[in-house]
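Structural features, examined
So you can see what is in the structure, the chains are spelled out below.
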Amino acid sequence: MTAQSIETVATAPQHGAELIVPLNRLKASPKNARKTPHSPATIEAFAASIKAKGVLQPPVVEIERDGEGVPTGNYLVTIGEGRRQGLRLLAKRKAIKRTHPVRVIVDAENDAHEISLDENMTREAMHPADQFEAFQRLAVEKGYGPEEIGARFGVSAHVVRQRLRLGSAAPELMAAYRAGTLALDQLSAFCVSEDQDRQRQVLEQVGPHTPAYAIRRAMTEAKVSVGDRRVRFVGVETYEAAGGPVLRDLFTEDGGGWLEDVALLDRLVGEKLAGLADEAREREGWKWAKPALDYPDVSAFGRVYPVAVERSEADAAEITALSEEYDRIVSEAGAEGLSPEADARLEEIDKALQAFGPDFDYAADAKARAGVMVMLGHDGLARFERGLVRAEDAVAPPLEEETVEDDGSDADAGRGGGAPEPEEDGRALSDRLVIDLTAHKTMGLRDAVQADVSAALATVVHGLALQVFYPGYGLWTPLQLRLTATGLERLAPGVEDGPAGRRVRDRCEAWGARLPERAEDLWGVVFGLAPSDQLDLMACCAGVGLYAVRDPHDRRPGALAQAETLATVVGLDMSGTWSATAASYFTRVPKTRVLEAVTEAVNAEEAGRIAGFKKGDMAEAAERLVEGKGWLPPVLRTVSDAAEPEDESADEPRDDDAYAFAAE
């Protein structure tokens with residue numbers, strides 16, 4: 001039909017007539033059955049399609065009439081409101097004119113509301129699989145890239161990449177998706193990799209009813225997630241610069257992915273740790289430096305600690321003056337803050353104070369026999385353990401102070417201090433007489449110390465500090481108090497680097513900096529401390545000596561019961577230190593324990609939902625469900641009485657590597 005000119009006369013066009021109407025003469029129909037407006041994304045898609053290909057299907061319009069029934073020259077869009085909105089968007093963006101000619105078809109016989117309803121009800125959207133494959137065909141046959149396809153259909157390039165990836169899925173997967181056997185999230189999980197052979201292999205292994213996260217895990221089981229601590233340490237950019245391939249996940253919001261060359265990643269981690277270790281050794285003057293991927297049991301090493309730096313009177317006076325000036329400038333700052341001059345002066349003071357170096361540092365002779373270990377922490381950051389002394393570098397105690405087996409006799413308790421054997425008139429006394437006399441002296445000492453609370457406290461603190469901070473010098477005290485500091489890292493990798501482990505280490509390092517380097521000087525320092533400081537030091541040492549690990553080969557019901565009592569007294573709450581994850585708990589207990597945990601932390605409904613999962617999938621699902629709930633297994637809960645905790649593992653298979661921990 002030949003297009004007619006714009007209708008401007010009173011004579012109305014006939015039913016089925018095809019007209020060319022200016023865009024500004026097309027109006028929304030009040031009889032349109034669709035009352036919910038089109039979404040911005042839909043209008044954007046209409047605009048993109050029209051810009052690339054024009055209006056492919058003419059809108060159906062109704063003639064607008066005034067109150068007298070006379071045509072107004074405008075037309076109401078009955079079918080095609082989305083196309084009209086797309087055209088208006090293009091006009092708003094100056095891509096077309098407001099009077100852009102639009103081909104329309106007049107409907108003068110049917111009820112406008114009914115045909116609008118018919119248009120919206122009798123349509124069926126294209127199956128997503130057809131769309132995925134159609135996008136793939138455009139890319140293959142026409143050579144369109146994601147950006148061009150997105151521009152032609154009004155979607156982002158990222159969405160196009162997702163659809164192209166889905167369109168290239170193995171035919172078996174696409175057939176299952178069309179048949180409804182696979183959901184879209186499952187298909188997306190398979191398509192995290194473009195390797196169709198791997199997709200088929202995983203489909204055969206896990207079947208079509210496996211949750212999406214489990215499919216994704218199976219597809220990437222030989223790869224390293226970008227969230228891994230090793231990746232956070234070296235950086236994805238460094239790995240890629242070294243030629244390492246990265247498998248990107250197009251179907252997650254964070255755009256995560258996996259590193260495929262694990263050997264390359266480990267090599268980069270090792271090289272970076274070794275470089276940091278060498279830099280620390282050269283910069284700080286240590287005897288040795290060593291990198292470590294995992295946190296070692298540093299309790300196997302001796303330790304030296306930094307000591308106060310001796311300064312001249314002039315330097316000390318200048319430091320004091322600069323510090324006081326700094327505090328004065330800060331205190332005088334008004335509501336407007338510091339003036340530019342004051343700010344500049346503070347920077348000068350900072351530089352001057354930094355030039356003096358730290359207040360505490362390791363002695364040169366300590367560095368000459370100690371080293372630094374650089375390890376990769378569980379947070380992906382480098383950890384520096386300084387002042388570690390290997391066994392061959394330890395300074396041996398004087399011969400008379402060598403450790404001997406403690407048989408509990410009072411005679412052994414008298415060893416210490418390097419004092420010569422008592423003599424009378426220049427002649428050595430008999431051993432039996434020395435024992436007799438010193439027994440009396442020991443009883444007198446007991447009496448005197450009991451009567452002097454300050455001396456008793458100092459004696460206990462001195463004896464504990466010797467064993468914690470001066471390994472090998474533990475017998476430099478007559479107090480028969482033995483403390484063992486057992487490392488926990490070999491039992492639970494990562495415990496030394498956890499929140500509680502870091503706090504314990506920080507306290508020990510702070511006290512190590514305050515104590516003298518030589519064990520023989522310790523008594524004078526401890527006795528000179530204020531009682532409150534002595535108590536703090538005693539608490540630090542006592543905490544290091546606690547051992548409440550429930551080891552099947554080391555049954556100590558009384559000690560474990562007392563550990564529970566102690567946990568109650570101090571209000572121990574392990575939820576701030578430990579959390580239940582697949583690795584820390586759920587993969588190491590039977591399914592019944594996993595379901596019990598989910599029931600307690602969430603509800604029985606969620607536990608029932610995952611009851612049919614495989615063990616690994618159930619563990620991951622449980623981790624997500626209990627996250628942030630503060631749930632703890634019974635063995636980590638603080639009980640209100642001193643009874644020995646129930647042996648939670650009595651009715652389940654034992655994992656030799658799984659140790660349950662009571663309060664530490």
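Here the structure is a predicted model, which is why all the values come from computation and not from measurement.

Within the protein, the secondary structure is distributed over 26 helices and 16 strands. Evaluated residue by residue, the protein yields a buried proportion of 37% over its 664 residues. Look at the contacts in the protein between residues 6 or more apart in sequence, and 69% of them connect residues 24 or more apart. Here the protein has roughly 37,400 Å² of accessible surface; of this, 52% comes from carbon and sulfur atoms.

A few words now on helix 22 (residues 531–545). The terminal C-alpha atoms of helix 22 lie 21 Å apart, and with 15 residues this matches the ideal 21 Å at 1.5 Å per residue to within 8%. Among all positions of helix 22, only Gln-534, Leu-537, Cys-540 and Cys-541 are buried. Along the long axis of helix 22, the arc covered by the buried residues comes to 125°, so they all point the same way. If you follow the buried residues of helix 22, they end up packed against helix 19 (453–469), helix 20 (499–514) and helix 21 (522–528).

Spatially, the 5 strands line up as an open sheet ordered 1-5-3-4-2, and their pairing is mixed. In the strand order of this sheet, the two ends are held by strand 1 (18–22) and strand 2 (26–28), each with one partner. Pairwise comparison of adjacent strand axes, ignoring direction, gives a mean angle of 55° for this sheet. Here strand 3 (residues 60–65) pairs with strand 5 (residues 101–106) via 2 bridges, running parallel. Looking across to strand 5, one finds that Val-60 is bridged to Ile-105.

Our focus in this paragraph is the side chain of Glu-385. For Glu-385, the position within the fold is in strand 14 (residues 382–389). A distance of 3.5 Å separates a polar atom in the side chain of Glu-385 from a polar atom in the side chain of Arg-303. Here Arg-383 takes part through its side chain, which lies 2.7 Å from a polar atom of the side chain of Glu-385.

Further remarks concern the pattern of salt bridges. Scanning the entire structure with this criterion turns up 38 salt bridges. Ionic pairing is found between Lys-223 and Glu-260, a salt bridge with its closest N-O pair at 4.0 Å. Placement of Lys-223 in the loop between helix 10 (212–219) and strand 6 (224–225) and of Glu-260 in the loop between strand 8 (257–259) and helix 13 (262–284) is noted, with a sequence separation of 37 residues between them. Members of the salt-bridge network, linked through shared partners, are Arg-303, Arg-383, Glu-385, Arg-505 and Glu-509.

Analysis parameters
Residues numbered from 1 in each chain as written. Predicted model: local features only at pLDDT ≥ 70, side-chain atom pairs only at ≥ 80, totals over all residues. Heavy atoms only, no water. Helix = DSSP H or I, 4+ residues; strand = E, 2+ residues; numbered from the N terminus. Buried < 20%, exposed > 50% of the residue type's maximum accessible area, 1.4 Å probe, protein only. Contact = heavy atoms within 4.5 Å. Areas by Shrake-Rupley, 256 points an atom, 1.4 Å probe, with all protein chains shown as cover. Expected span 1.5 Å × (residues − 1). Arc of directions from axis to C-beta. Pairing = 2+ DSSP bridges. Axes fitted to C-alpha atoms, helices over the stretch in contact; angles between N-to-C directions. Polar contact = N/O pair within 3.5 Å; in protein donor to acceptor, adjacent residues only side chain to side chain. Salt bridge = Lys/Arg side-chain N within 4 Å of Asp/Glu carboxyl O.

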